[in-house]
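Close look at the chain arrangement
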Amino acid sequence: GRVSKGAVRLLEGTGAVTGITIPQLLRASHAKPWAECESDVERLNVYNGFLLSAHLDALFDSGLISFDDSGLIIISSKLPTAELCQLGIDHKTSLRWIDNRHHPFLAWHREKVFLQ
């Protein structure tokens, strides 16, 4: 099948938010954790994943950030605002690329993982 630009970026090893390419600083992050997936097909679905820098991966996995359907960051009230600048995050931070096929996984993350 045809490979989308986003999947190519994921394969090229470019951070979905930061654009960094240093492999040691990037993590394959999943909106719906593998343990929660109902099948291997769901686990391996490229639209369940984002290549995030290590600090964004930790924040995403712990529910301190999520993303809306346009790719714009959603920041939990539990994340101290004084830390945002040091983390290189602001309310305009967003995924550099998003596809409609990410939406169900992001919705799951917002409902089950994100800390309001």
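Below is a short write-up of the structure. Model, not experiment: these values are computed from the prediction.

1. Overview of the overall build of the protein
Helices and strands together make up the secondary structure of the protein, namely 5 helices and 4 strands. Tracing the protein from N to C terminus, the helices and strands come up as α-β-α-β-α-β-β-α-α. For the protein, the share of sequence-separated contacts (at least 6 apart) that also reach a separation of at least 24 residues comes to 64%. For the protein, the accessible surface area stands at approximately 6,800 Å², while carbon and sulfur atoms represent 55% of it.

2. Some details on helix H3 (residues 54–61)
Leu56, Asp57, Leu59 and Phe60 are the residues of H3 that are buried. All buried residues of H3 fall inside an arc of 165° around its axis, so they share one side. Buried residues along H3 sit against strand S1 (26–30), strand S2 (49–53), strand S3 (65–67), helix H4 (81–87) and helix H5 (103–112). Just downstream of H3 lies glycine 63, where phi reads positive at about 85°.

3. Points about the nonpolar core
Ranked by size, the top nonpolar core spans 20 residues in total, and within it Ile65 and Phe67 carry the most contacts. At the level of secondary structure, the elements contributing two or more residues to this core comprise S2, H3, S3, strand S4 (73–75) and H5. It is H3 that contributes the most residues to this core, 3 residues altogether. Ignoring anything within four residues of it in the chain, the contact list for isoleucine 65 reads Leu56, Leu59, Phe60, Ile73, Ile74, Leu79, His109 and Phe114.

4. Focus on the pairing of S2
Of all the 5 residues making up S2, 5 are buried; the element is thus mostly covered by neighbouring parts of the structure. Taking every second residue as pointing to the same face, both faces of S2 are buried, with Gly49, Leu51 and Ser53 on one and Phe50 and Leu52 on the other. In the sheet, S1 pairs with S2 via 5 bridges, with the strands oriented antiparallel. Paired with leucine 26 across the strands is serine 53, a residue of S2.

5. With respect to the side chain of aspartate 57
Tracing the backbone through its elements, the reader meets aspartate 57 in helix H3. Setting aside residues no more than four positions away along its own chain, aspartate 57 makes contact with Arg27, Ser29 and Leu52.

6. A look at the side chain of threonine 93
Looking at where threonine 93 falls in the secondary structure, it is placed in the loop between H4 and H5. Judged by relative accessible area, threonine 93 falls into the buried class, the value being 11%. A polar atom in the side chain of threonine 93 sits 2.9 Å from the backbone nitrogen of aspartate 90. Those residues in contact with threonine 93 that lie beyond four places of it in its chain are Val17, Gly71, Leu72, Ile73 and Gly88.

The rules we used
- Residues numbered from 1 in each chain as written.
- Predicted model: local features only at pLDDT ≥ 70, side-chain atom pairs only at ≥ 80, totals over all residues.
- Heavy atoms only, no water.
- Helix = DSSP H or I, 4+ residues; strand = E, 2+ residues; numbered from the N terminus.
- Contact = heavy atoms within 4.5 Å.
- Areas by Shrake-Rupley, 256 points an atom, 1.4 Å probe, with all protein chains shown as cover.
- Buried < 20%, exposed > 50% of the residue type's maximum accessible area, 1.4 Å probe, protein only.
- Arc of directions from axis to C-beta.
- Core = buried A, V, L, I, M, F, W, Y, C linked by side-chain atoms within 4.5 Å.
- Pairing = 2+ DSSP bridges.
- Polar contact = N/O pair within 3.5 Å; in protein donor to acceptor, adjacent residues only side chain to side chain.

Just distances and angles here, no functional claims.
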